[in-house]
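Coordinate inspection notes
Here is what each chain is made of, one letter per residue.
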Amino acid sequence: MQHLTGETILLIEADASLRRLITLGLQQRGMHVIGISSPEALPMLETLSPGLVVLDIDGEAGSDHSLLTVIRETPALCDTPAIVLAWDCLLPETIPQDRSQAQLTCLTKPFDARTLHTTIERILAANKAGTVAREQGVLLAARSATPAPSIWPLVTATGLLLLIIGLMVQIAIAALGLLVVLVALLLWTLGSKPEQKPIALEVREAWRGQAPPLHIS
């Protein structure tokens, strides 16, 4: 079933002029109105669930209370609040209200448009507050039924994190030690090489300042 917003109103009014007048007034107040001439069109609205029904039960032959009975026996509307427009608000006891907790309000004709608008807004506000309260109750019930989360997954994750950090620190220290060893070996190797002079230069320095040897034949 498609649930419409709480500001969607189903208007059942046989008088086309009055139906249009009420529809325009409600639309100017930001409400969405579905207007039909009689409950006979309800089968076409089986997938809809409006927030409020406004029903005019007066016709040419007098008040037709069976229209309200049809509304109450329609599955999509049996729990929907309704405003009845009638010359006489003395509703018969045969109206099946005991099967539903839906609110039923009657406005006596002739009525002021502002009275109708105020009544509609009051009912919609009450419906919205009731819906919010029910949703909060369901949410609280779901939270209370949910078991408390375990701390062991968090403890396990913490242990794994510490293990990874420890391994990374050890790898970093080992890499730093290896780098120090390589640098030390390189410097040690470069510093241990003896300084060599050319042989010709050493001979020349050895004979400098002395007479050349005599050769006797």
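The text that follows walks through the structure, step by step, so that each part is easy to find. Source: prediction; values computed, not measured.

Rules behind the numbers
Residues numbered from 1 in each chain as written. Predicted model: local features only at pLDDT ≥ 70, side-chain atom pairs only at ≥ 80, totals over all residues. Heavy atoms only, no water. 1 Å grid on protein atoms, 1.4 Å probe; cavity = no way out; pocket = protein on both sides within 12 Å on 5 of 7 lines; lining within 4 Å. Points joined across faces, edges and corners; volume = space filled by probe spheres on them. Helix = DSSP H or I, 4+ residues; strand = E, 2+ residues; numbered from the N terminus. Core = buried A, V, L, I, M, F, W, Y, C linked by side-chain atoms within 4.5 Å. Buried < 20%, exposed > 50% of the residue type's maximum accessible area, 1.4 Å probe, protein only. Contact = heavy atoms within 4.5 Å. Salt bridge = Lys/Arg side-chain N within 4 Å of Asp/Glu carboxyl O.

**Structural notes on the layout of surface pockets**
One number sums up the size of the second largest pocket: a volume of about 220 Å³. What lines the second largest pocket is Leu18, Leu21, Ile22, Gly25, Trp87, Lys109, Pro110, Phe111, Asp112, Ala113, Leu116 and His117. Elements with a minimum of two residues in the lining of the second largest pocket: helix 1 (16-28) and helix 3 (113-145). Here the element with the most residues in the lining of the second largest pocket is helix 1; it accounts for 4 residues.

**Some words on the nonpolar core**
Residues Leu10, Ile12, Leu42, Val53 and Leu55 are the most contacted members of the largest nonpolar core, which totals 17 residues. Listed by contribution, the elements that provide at least two residues to this core are strand 2 (8-12), strand 3 (32-36), strand 5 (52-56), helix 2 (66-73) and strand 8 (82-86). Membership of the second largest hydrophobic core comes to 15 residues, among which are Leu26, Val33, Leu116 and Leu124.

**Examining the side chain of Thr119**
Along the chain, Thr119 turns up in helix 3. Beyond its immediate sequence surroundings of up to four residues, Thr119 is in contact with Ile83, Thr105 and Leu107.

**Description of the pattern of salt bridges**
The full count for this structure, using the stated rule, is 4 salt bridges. Between Lys109 and Asp56 there is a salt bridge, with the nearest N and O atoms lying 2.8 Å from each other. Of this pair, Lys109 sits in the loop between strand 9 (104-108) and helix 3 while Asp56 sits in strand 5, placing them 53 residues apart in sequence. Each member of the pair, Lys109 as well as Asp56, is classed as buried. For Arg114, the salt bridge identified is with Asp112, shortest N-O distance 3.1 Å. Residue classification places Arg114 among the exposed residues on the basis of a relative accessible area of 65%. The partly exposed category is assigned to Asp112, whose relative accessible area is 36%.

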